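Chain and residue survey
So you can see what is in the structure, the chains are spelled out below.
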Amino acid sequence: MGFGGGKIILVGEHAVVHGTPAIAAGIRRGVSSIARPADQDSLHVEPWGRTWRPNAKSEEPLERAFERILSRYADRPPLRFVVRVALPPGAGLGCSAAIGVSLIDAIDKALGVARSRAELGALALEWERFFHGDPSGIDNLASALGGLLCYRRSSPPRRISPKGSIFLVVAHSGQRSNTKEMVARVSQRLAGSPEWARRALDEVKTLAIDAEAAMCSGDLIALGAVLNRNHEILRSLNLSTNRLEALCREARSAGALGAKITGAGGGGCMVALAAEAEHADRISGALAAESFVEEVGRAA
Ligand code: PMV
């Protein structure tokens with residue numbers, strides 16, 4: 001069985017595409033896949049009830065991505081993959097990366113290929129490129145490695161060991177987010193105002209450093225303030241929606257120490273920081289949306 005986890009970005013989405021550090025946490029729910037010898041290659045995804053074939057010329061990114069990954073394995077039997085997706089697609093939780101990681105893990109296991117989780121995550125970037133125009137690499141690495149990570153483009157990810165567990169509430173706006181479109185929107189905005197862009201990216205870099213320091217010293221109030229400020233920057237990039245704003249407000253009124261968009265935005269999920277486990281349950285219960293609580297920061 002291959003597995004790729006989902007992820008939550010706590011600080012630095014979008015800015016990470018442009019070279020600043022970001023902090024992400026792997027989550028328990030994700031994608032599992034099984035690969036078995038068959039008459040021809042195919043990829044069946046549950047619960048979507050659809051089957052794809054590898055095809056380098058297909059209009060469907062998934063078929064091109066599938067072909068690219070299979071081409072990495074010479075002299076192999078045809079394989080049928082059954083993939084179970086337990087993440088909402090287009091929600092900012094890294095669904096596409098988790099599918100890629102889980103598929104590669106399943107092929108490796110079926111063919112007896114030995115590869116570290118870090119190598120697996122790196123190979124999954126090839127898969128991600130078919131879905132995002134310009135993926136930073138954070139989703140595929142967080143999916144493969146799990147745990148809490150600081151990542152900067154083109155550098156190996158670094159594990160963060162917080163002082164204690166961090167309880168997060170993730171709520172879905174019910175709107176679908178399109179990462180490719182949002183990444184292009186942000187790049188355009190940054191290119192249009194270089195001086196503003198430099199200041200915003202510098203600030204996100206400082207927020208990532210502050211967030212790590214707050215996690216390591218157990219200062220959840222400071223961490224919450226970082227999340228709120230990062231949300232303001234994402235909002236100024238036009239990545240929020242009325243629904244995401246309402247969810248952030250509701251979470252803060254219910255006691256969250258901070259709340260922000262997570263992932264590409266323009267829909268998808270928001271993440272809120274709780275002071276402790278019971279608070280997280282209370283916040284989750286107060287939100288008028290599909291939500292779940294995630295404990296992050298335990299040794300992966
Ligand atoms: O919305 P998601 O899960 O695809 O996350 C995208 C994260 C971005 O920073 C917006 C893009 C990237 O490649 O880092």
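Worth saying up front: this structure is predicted, and the values here are computed from it rather than measured. (Residues numbered from 1 in each chain as written. Predicted model: local features only at pLDDT ≥ 70, side-chain atom pairs only at ≥ 80, totals over all residues. Heavy atoms only, no water.)

Notes on the domain arrangement of the protein chain
Applied cut-off: Just so you know, the domain bounds were taken from an automatic or database domain assignment. Here a residue-residue contact requires only that any non-hydrogen atoms of the pair lie within 4.5 Å. By convention, the term buried area covers the 1.4 Å-probe accessible surface removed from two parts as they join, with the contributions of both added. Any carboxyl oxygen of Asp or Glu within 4 Å of a side-chain nitrogen of Lys or Arg constitutes a salt bridge here. Within 3.5 Å is the distance limit for a polar contact, defined as a pair of N or O atoms, with the added protein rule that one can donate a hydrogen and the other accept it, and that residues adjacent in sequence qualify only through two side-chain atoms. Put simply, DSSP marks the helices as runs of H or I at least four residues long and the strands as runs of E at least two long, and each gets a number from the N terminus on.
The domains assigned to the protein chain are domain 1 (2-159) and domain 2 (162-296). Here the C-alpha centroids of domain 1 and domain 2 sit 23 Å apart. Tallying the contact residues gives 31 residues for domain 1 and 41 residues for domain 2. For the pair domain 1 and domain 2, the summed buried area comes to about 2900 Å², and 68% of that belongs to carbon and sulfur atoms. Counting every contact that joins domain 1 to domain 2 gives three salt bridges. Viewed at the interface, domain 2 and domain 1 are joined by 13 residue pairs in polar contact (both at pLDDT 80 or more). Contributions of two or more residues to the side of domain 1 that touches domain 2 are made by strand E1 (2-11), strand E2 (22-37) and strand E6 (148-151).

Regarding the sheet that holds strand E10 (residues 269-274)
Put simply, the rule reads: DSSP-based pairing: two strands are paired if at least 2 bridges between them are found. Axis definition: a line fit to C-alpha positions, over the contact stretch in the case of helices; interaxial angles, taken between N-to-C directions, run 0 to 180 degrees.
What the four strands build is an open sheet, ordered E9-E10-E8-E11; its pairing is antiparallel. With one partner strand each, in any of the chains shown, strand E9 (258-262) and strand E11 (291-296) form the two edges of the open sheet. Shown here is a sheet whose adjacent strand axes are inclined to one another by a mean of 25°, direction ignored. Pairing of strand E8 (residues 166-172) with E10 involves six bridges; the strand directions are antiparallel. Bridging from a neighbouring strand, His-172 pairs with Cys-269 of E10.

Some points on the nonpolar core
Keep this limit in mind: We define a nonpolar core as any set of buried Ala, Val, Leu, Ile, Met, Phe, Trp, Tyr and Cys residues linked to one another through side-chain atoms lying within 4.5 Å. Using a 1.4 Å probe on the protein chains alone, a residue whose accessible area is under 20% of its type maximum counts as buried, one over 50% counts as exposed, and one in between counts as partly exposed.
In terms of nonpolar packing, the biggest core is built from 86 residues, with Leu-43, Phe-81, Val-83, Trp-127, Ile-166, Leu-223 and Met-270 touching the most fellow members. Core analysis: the second largest hydrophobic core is formed by 11 residues, Ala-24, Ile-138, Leu-141 and Tyr-151 among them.

Let's talk about the packing of helix H3 (residues 117-128) against helix H4 (residues 138-145)
Under the convention used in this document: Crossing handedness is defined as follows: a turn of the near helix away from the far one that is anticlockwise and smaller than a right angle gives a left-handed crossing, while the clockwise case is right-handed. Residues are grouped as follows: nonpolar covers Ala, Val, Leu, Ile, Met, Phe, Trp, Tyr, Cys and Pro; charged covers Asp, Glu, Lys and Arg; every other residue, Gly included, is treated as polar.
With their axes 8 Å apart at the nearest point, H3 and H4 run at an angle of 145° to one another. The chirality of how H3 crosses H4 is right-handed. For the pair formed by H3 and H4, the contact residues are Arg-117, Ala-118, Gly-121, Ala-122, Ala-124, Leu-125 and Glu-128 on the first element and Asp-139, Asn-140, Leu-141, Ser-143, Ala-144 and Leu-145 on the second. Per-class residue counts for the contact of H3 with H4 are seven nonpolar, three polar and three charged.

Things to note about the packing of helix H6 (residues 194-217) against helix H7 (residues 220-236)
Inclusion rule: Note on terminology: angles under 35 degrees are roughly parallel, angles over 145 are roughly antiparallel, angles of 65 to 115 are roughly perpendicular, and the others are oblique.
Closest axis-to-axis distance for the H6/H7 pair is 9 Å, and the angle between their directions is 160°. With respect to their mutual orientation, H6 and H7 come out roughly antiparallel. Here H6 runs over H7; the crossing is left-handed. Judged by residue contacts, Trp-196, Glu-203, Val-204, Leu-207, Asp-210, Ala-211, Ala-214 and Met-215 of H6 engage Ala-222, Leu-223, Val-226, Arg-229, Asn-230, Ile-233 and Ser-236 from H7. Classifying every residue of the contact of H6 with H7 gives 10 nonpolar, two polar and three charged.

Comments concerning the site of the ligand
This is how it is decided: By convention in these notes, a residue is near a molecule or strand provided one of its non-hydrogen atoms lies within 4 Å of it. The protein chains shown are the only cover counted for residues, whose accessible areas, like all others here, come from Shrake-Rupley with a 1.4 Å probe.
Around the ligand, the surrounding shell holds 18 residues, and the nearest of these are Lys-7, His-14, Ser-136, Thr-179 and Ala-264. In the environment of the ligand, an oxygen atom lies 3.4 Å from a nitrogen or oxygen atom belonging to the backbone of Gly-92. The side chain of Ser-136 places a nitrogen or oxygen atom 2.6 Å from an oxygen atom of the ligand. Out of a free accessible area of 380 Å², the ligand has 97% covered by protein chains. The set of elements that each furnish at least two residues to the shell around the ligand consists of E1, H4 and helix H5 (179-192). Here the shell around the ligand is built from residues that sort into eight nonpolar, seven polar and three charged. Each of domain 1 (2-159) and domain 2 (162-296) gives at least three residues to the shell around the ligand.

Focus on the pattern of salt bridges
Counting across every chain of the model gives 17 salt bridges. Note that Lys-7 is salt-bridged to Asp-139, the shortest N-O span being 3.2 Å. Of this pair, Lys-7 sits in strand E1 while Asp-139 sits in helix H4, and the two are 132 residues apart along the sequence. No difference in accessibility class separates Lys-7 from Asp-139, as the two residues are buried. Between Glu-232 and Arg-235 there is a salt bridge whose closest N-O contact spans 2.9 Å. Of this pair, Glu-232 and Arg-235 both sit in helix H7, three residues apart, roughly one helical turn. It is possible to trace a salt-bridge network through shared partners that takes in Glu-195, Arg-198, Arg-199 and Asp-202.

Re the state of the cysteines
Where we set the bar: Here, two cysteine sulfur atoms that lie within 2.5 Å of each other are counted as a disulfide.
Taken as a whole, this structure holds zero disulfides when the rule is applied. Here Cys-216 is not disulfide-linked; the sulfur of Cys-150 is the nearest cysteine sulfur, at 10 Å. Cys-216 sits in the partly exposed class, given a relative accessible area of 36%. We note that Cys-269 lacks a disulfide partner, and the nearest cysteine sulfur, in Cys-95, lies 11 Å from it.

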